[in-house]
Amino acid sequence: FTPTSPLEPDTTYTATITTRAKDQAGNGLGGNFAWSFTTGPAADIWLTQPVCAGQTVPISATATDNSAVRQLDFLLNGTSFDTQTNAGGGKSFSTTSSLVAGTIKDTTPFALGLVAYDTVQSTTVSHQLALLATHCCNKAKDADETAVDCGGKDCNACAGGSCQKDADCSGNMRCVNNKCTPLPE
């Protein structure tokens, strides 16, 4: 079975195999078989600015759950580099960390991820990213940039530019309906 759309986070689902299901010999079940499961907490991670070689970049993350968010683990290529614990134990947890871009090779795409833990399970989200040219983070309009640190062949798209995912946009923006859109203040 493959769902036709992604399952909602933090939601209980019930699956049922009915007596209409048959084995290879044509025998049906003696009765319906049902079981339930609950998906993990909702989580998201994003960068507040582009990632350029040799820089330390702030990262923001948030998770929500119907019981409590216990912990967030920040991942680089699947390996944890920072763990933040929700001391308050609330249903929502937002925090920040930092990514040291000097640990990533210039030409190597990388995956920035987040694991959100509630009291019994976890949810992982991950975004594929790539280091940008140094001039994309120098707070000046140079090279072939169309605005300060965005546009051109090396940098991420500027506000209103086309995108497929958040990583296609310059800092403090998300990809919304295939357009780079500034994050709310």
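Residues numbered from 1 in each chain as written. Predicted model: local features only at pLDDT ≥ 70, side-chain atom pairs only at ≥ 80, totals over all residues. Heavy atoms only, no water.

**Q** Looking at this model, I keep getting lost on the state of the cysteines. Mind explaining?
**A** Disulfide: a covalent bond formed between the sulfur atoms of two cysteine residues. For the structure shown, the criterion picks out 5 disulfides. Shown here is the disulfide that connects Cys 150 with Cys 158, its sulfur atoms set 2.0 Å apart. Here the disulfide of Cys 150 and Cys 158 is right-handed, its torsion about the S-S bond being about 100°. Assigned by exposure class, Cys 150 and Cys 158 land together as buried. Cys 169 shares a disulfide with Cys 180; S-S distance 2.1 Å. Handedness of the Cys 169-Cys 180 disulfide follows from its S-S torsion of about -90°: it is left-handed. Taken as a pair, Cys 169 in the loop between β9 (122–129) and β10 (173–176) and Cys 180 in strand β11 (residues 179–182) lie far apart in primary sequence, 11 residues in all. Per residue, the accessibility class of Cys 169 equals that of Cys 180, and both read buried. Cysteines bonded in the protein chain are numbered consecutively along the chain; their disulfide partners then correspond to 1-3, 2-5, 4-6, 7-9, 8-10. (Disulfide = S-S within 2.5 Å. Buried < 20%, exposed > 50% of the residue type's maximum accessible area, 1.4 Å probe, protein only. Helix = DSSP H or I, 4+ residues; strand = E, 2+ residues; numbered from the N terminus.)

**Q** Whenever I open this one, the pattern of salt bridges confuses me. Can you help?
**A** Pairing is possible between side chains of opposite charge, provided their charged atoms come close. Scanning all chains against the criterion turns up 3 salt bridges. For Arg 174, the salt bridge goes to Asp 44, with nearest N and O atoms at 2.4 Å. A residue pair is termed long-range when its members are at least 10 positions apart, and Arg 174 in strand β10 and Asp 44 in strand β3 (residues 42–47) qualify at 130 residues. (Salt bridge = Lys/Arg side-chain N within 4 Å of Asp/Glu carboxyl O.)

**Q** Could you clarify how one ought to interpret the layout of surface pockets in this entry?
**A** Sizing a probe to match a water molecule and rolling it over the atoms shows the empty space that remains. What the largest pocket holds in volume is close to 320 Å³. Together, 25 residues line the largest pocket, and Leu 47, Leu 129, Asn 156, Asp 166 and Ala 167 are the ones closest to its centre. Among the elements of the structure, β3, β9 and β10 are those that each provide at least two residues to the lining of the largest pocket. Partitioned by chemical class, the residues of the lining of the largest pocket number 14 nonpolar, 7 polar and 4 charged. (1 Å grid on protein atoms, 1.4 Å probe; cavity = no way out; pocket = protein on both sides within 12 Å on 5 of 7 lines; lining within 4 Å. Points joined across faces, edges and corners; volume = space filled by probe spheres on them. Nonpolar A, V, L, I, M, F, W, Y, C, P; charged D, E, K, R; others polar.)

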